[in-house]
Amino acid sequence: MEKIKLGISSCLLGEKVRYDGGHKLDKFLTDTLGKYVEYFPVCPEVGCGLGVPRKSMRLEGNPNSPRLIVTSTREDMTERMVNWAQKRVIQLEKEDICGFIFKSDSPSSGMERVKIYNENSMPVKSGTGIFAKIFMEHFPLLPVEDEGRLHDPGLRENFIERIFALKRWRETLSTKNFKKSLIDFHTKHKLLILAHSTKHYQMMGKLVAAQKNFSAKDIQKQYQDLLLEALKIKATPAKHVNVLQHMMGYFKEQLSVDEKKELLELINNYRDGYIPLIVPVTLISHYVRKYDEPYLSQQVYLNPHPSELQLRNHV
């Protein structure tokens, strides 16, 4: 797979573009995830023509439509930022990015819980940065996160799973025989989708089965929307247990009583929070290879992202 293209706040790559001339280098993003992605850095403040260093700014007023105000001079930079951001998101359409990583707490790039100051200069963490809001409205289903939230193992796994899935989907879109490729993609991703949403799993199955009733363009749009909606829903231990038990059923003839007991104990220990997901998944993967199980051997669920990222190793 080619590297995944991601937009990112420039300061997270170590670029000295912050108001004080500093940066917010994130080693996980550059050294670990950076092995698998190609970043497109964006700094809204520099992009809209502000210098480095510059006077600090903050959001003020109505949480639904706050103003971007220079703290010391009271200059209103809202329209300048909005105009630039609206043009930039259109330009980003051409870059084929699979997601965006924002800088948390930023009045331009924070994706949630950004401070908004009321008329008494009291901050309330209820805002979204101006560029981040325009970006998410323009790309409503595109995977987005901020570097702070990516410290949470569950959110990190979900985000990275989504960008890898979207990359595989876009590669599917480029194939010559799309109808065949769609069936192949859906077959391989069935259990991954099921781990997120039974509802979407059923809807997507019906859509693929009825694809002859749609134009290629229509089914591409419908399937992509459902895929991104499904994977945005968090996979829970209960959902994973459902998938693990489903896979276990493929070995009812091969496994001994003791092997079935061991696998079931691991699944239950995962459900109860004693061991990470990687443990039962590894044992099932072993049985898939040992017994050459054809359907499970092609399931993306068993390897949705590089094992080096250790995303399923947390309890």
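This text goes with the structure placed above it.
Worth saying up front: this structure is predicted, and the values here are computed from it rather than measured. (Residues numbered from 1 in each chain as written. Predicted model: local features only at pLDDT ≥ 70, side-chain atom pairs only at ≥ 80, totals over all residues. Heavy atoms only, no water.)

Chemist: Would you explain unusual backbone geometry in this entry?
Modeler: Cis geometry marks the peptide bond from Val52 to Pro53; its omega dihedral reads -5 degrees. With respect to the helices and strands, Pro53 occurs in the loop between helix 2 (44–47) and strand 3 (57–60). We note that Arg74 has phi near 70 degrees; this positive angle belongs to a residue other than glycine. Among the secondary structure elements, Arg74 is positioned in the loop between strand 4 (67–70) and helix 3 (78–92). Overall, Arg74 belongs to the partly exposed group, its relative accessible area being 47%. (Helix = DSSP H or I, 4+ residues; strand = E, 2+ residues; numbered from the N terminus. Buried < 20%, exposed > 50% of the residue type's maximum accessible area, 1.4 Å probe, protein only.)

Chemist: What is the right way to look at the layout of surface pockets in this model?
Modeler: Over the atoms a probe the size of a water molecule is rolled, and this reveals where empty space is left. There is about 550 Å³ of room inside the largest pocket. Lining the largest pocket are 28 residues; nearest its centre among them are Arg18, Tyr19, Asp105, Ser106 and Pro107. Sorting the residues of the lining of the largest pocket by element identifies helix 2, strand 3 and strand 6 (114–117) as the ones contributing at least two each. Residues that form the lining of the largest pocket fall into these classes: eleven nonpolar, eight polar and nine charged. A volume near 350 Å³ is recorded for the second largest pocket. Taken together, 19 residues make up the lining of the second largest pocket; nearest its centre are Glu157, Ala235, His240, Tyr270 and His314. (1 Å grid on protein atoms, 1.4 Å probe; cavity = no way out; pocket = protein on both sides within 12 Å on 5 of 7 lines; lining within 4 Å. Points joined across faces, edges and corners; volume = space filled by probe spheres on them. Nonpolar A, V, L, I, M, F, W, Y, C, P; charged D, E, K, R; others polar.)

Chemist: How should I be thinking about helix 11 (residues 278–290) in this particular structure?
Modeler: The terminal C-alpha atoms of helix 11 lie 18 Å apart, and with 13 residues this matches the ideal 18 Å at 1.5 Å per residue to within 8%. Listed as buried for helix 11 are Pro280, Val281, Leu283, Ile284, Ser285, Tyr287 and Val288. Immediately downstream of helix 11, the backbone of Asp292 shows phi near 50 degrees, a positive value. (Expected span 1.5 Å × (residues − 1).)

Chemist: Looking at this model, I keep getting lost on the state of the cysteines. Mind explaining?
Modeler: Cysteine pairs can be linked by a disulfide, which is a covalent bond between their two sulfur atoms. Under the criterion given, the structure shown has zero disulfides. Of the cysteine sulfurs around Cys11, a residue in no disulfide, the closest is that of Cys43, at 6.9 Å. For Cys43, a relative accessible area of 13% corresponds to the buried category. (Disulfide = S-S within 2.5 Å.)

Chemist: Hey, could you run me through the packing of aromatic side chains in this one?
Modeler: Summed over all chains, the structure comprises 17 aromatic pairs. With centroids separated by 6.0 Å and ring planes inclined at 55 degrees, the aromatic side chains of Phe251 and Tyr287 adopt a geometry described as tilted. Of this pair, Phe251 sits in the loop between helix 9 (237–248) and helix 10 (257–271) while Tyr287 sits in helix 11; the two residues are 36 residues apart in sequence, bridging distant segments of the chain. Tyr287 sits in the buried class, given a relative accessible area of 3%. An aromatic cluster of three or more residues is present, and its members are Trp84, Phe100, Phe102, Phe131, Phe135 and Phe139. Over the ring of Tyr117 we find Arg58, and its NZ or CZ is 4.0 Å from the ring centre. (Phe/Tyr/Trp six-rings, centres within 6.5 Å; stacked < 30°, edge-to-face > 60°. Lys NZ or Arg CZ within 6 Å of the ring centre and 35° of its normal.)

Chemist: Looking at this structure, how should I read the packing of helix 6 (residues 178–194) against helix 7 (residues 198–209)?
Modeler: Each pair of packed helices gets described by two things: the angle between the helix axes and the distance between those axes. Here helix 6 crosses helix 7 at 165 degrees, and the two axes come no closer than 10 Å. Classified by the angle their axes make, helix 6 and helix 7 are roughly antiparallel. The element helix 6 and its partner helix 7 pack so that their crossing is left-handed. Together, Leu182, Ile183, His186, Lys190, Ile193 and Leu194 of helix 6 and Thr198, His200, Tyr201, Met204, Gly205 and Val208 of helix 7 make up the contact between the two elements. For the contact of helix 6 with helix 7, the residue count by class is seven nonpolar, four polar and one charged. (Axes fitted to C-alpha atoms, helices over the stretch in contact; angles between N-to-C directions. Parallel < 35°, antiparallel > 145°, perpendicular 65-115°, else oblique. Left-handed = near helix turned anticlockwise from the far one by under 90°. Contact = heavy atoms within 4.5 Å.)

Chemist: For this particular structure, what's the right way to read the side chain of His200?
Modeler: Among the secondary structure elements, His200 is positioned in helix 7. Residues within four places of His200 in sequence aside, it is in contact with Ile193, Leu226, Glu229, Ala230 and Ile233.

Chemist: What exactly am I supposed to notice about the sheet that holds strand 7 (residues 123–127) here?
Modeler: Either a parallel or an antiparallel arrangement is found when strands of a sheet pair, and the pairing is made through backbone hydrogen bonds. Here we have four strands laid out as an open sheet, ordered 4-3-6-7, and mixed in their pairing. A strand with exactly one partner marks an edge of an open sheet, and here the two such strands are strand 4 and strand 7. On average, adjacent strands in this sheet sit at an angle of 55 degrees to one another, irrespective of strand direction. One ladder, built from two bridges, connects strand 3 with strand 6; its direction is parallel. Counterpart to Glu60 in the pairing with strand 6 is Tyr117. (Pairing = 2+ DSSP bridges.)

Chemist: Explanation requested: the pattern of salt bridges in the structure shown.
Modeler: Should their charged atoms come close, side chains of opposite charge can pair. If you walk through the whole model with that rule in mind, you get 15 salt bridges. Arg58 serves as the salt-bridge partner of Glu60, at 2.8 Å between the closest nitrogen and oxygen. A relative accessible area of 18% places Arg58 in the buried class. Of the charged contacts, one joins Arg170 and Asp96 as a salt bridge, the two residues approaching to 3.1 Å between their closest N and O atoms. Remark: Asp96 occurs in the loop between helix 3 and strand 5 (100–102) and Arg170 occurs in helix 5 (residues 153–173); sequence separation between them is 74 residues. Here the residues in one salt-bridge network are Arg58, Glu60 and Arg74, joined through shared partners. (Salt bridge = Lys/Arg side-chain N within 4 Å of Asp/Glu carboxyl O.)

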